[in-house]
Amino acid sequence: QVQLVESGGGSVQAGGSLRLSCVAYGYTVTYSYYYMGWFRQAPGKEREGVAAIDSDGTTGYADSVKGRFTISKDNVKNSLYLQMNSLKPEDSAMYYCAADPIVPLDRRLVSSEYIYWGQGTQVTASS
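Report on the accompanying structure. Position labels on residues start from 1 in each chain and follow its written sequence. With pLDDT at 70 or above as the cut-off, local features in this predicted model cover only qualifying residues; side-chain atom pairs require 80 or more to be listed or tallied, and sums for whole chains, interfaces and linings still use all residues. Hydrogens are left out, water is left out, and the side-chain values use all remaining heavy atoms of the structure.

## Quick word on the packing of aromatic side chains
In this scheme Phe, Tyr and Trp rings, the latter by its six-membered ring, pair at centre separations within 6.5 Å, and the angle between planes marks the pair as stacked below 30 degrees, edge-to-face above 60, and tilted otherwise. Summed over all chains, the structure comprises four aromatic pairs. On the numbers, 6.3 Å between centres and 70° between planes, the contact of Tyr114 with Trp117 is edge-to-face. The buried label goes to any residue with under 20% of its type's maximum accessible area, the exposed label to any with over 50%, and the partly exposed label to all in between, with areas taken from a 1.4 Å probe on protein chains only. Here Tyr114 falls in the buried class, since its relative accessible area comes to 5%. With a relative accessible area of 26%, Trp117 lands in the partly exposed category. Aromatic rings pair up to connect Phe39, Tyr114 and Trp117 into one cluster. For a lysine, the NZ atom is tested; for an arginine, the CZ atom; a charge sits over a ring if that atom is within 6 Å of the ring centre and within 35 degrees of the ring normal. Of note, Arg19 hangs over the ring of Tyr81, and the distance from its end group to the ring centre comes to 4.0 Å. The positively charged end of Arg47 is found above the aromatic ring belonging to Trp117, 4.8 Å away from the centroid.

Below, the structure is given as structure tokens:
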């Protein structure tokens, strides 16, 4: 079995930045084999796809974070990252990383497509 562990969350003022990390443990293959995504869930809301990166490196973003967030990965370190800039209060949520062997391009921000999940890291942006 594999585990995904997120870190890097915290509390910042609106306009600030955070960099989230997701490290994989127990993988028998490199991250390059997987489709990876970042999702978030705020109280009372559905889990929302934030960003995704395919096995070939193609990225996708929710409209709400385009231009502010950047997803990347380091296959050697088995790590996934989410650089979050210009944070807004609306970005406050529990952030989760996820992985799956394959995800259709048009569903890469759909949470039900992913089988491996981390435990989450809290992000809070305050005015």
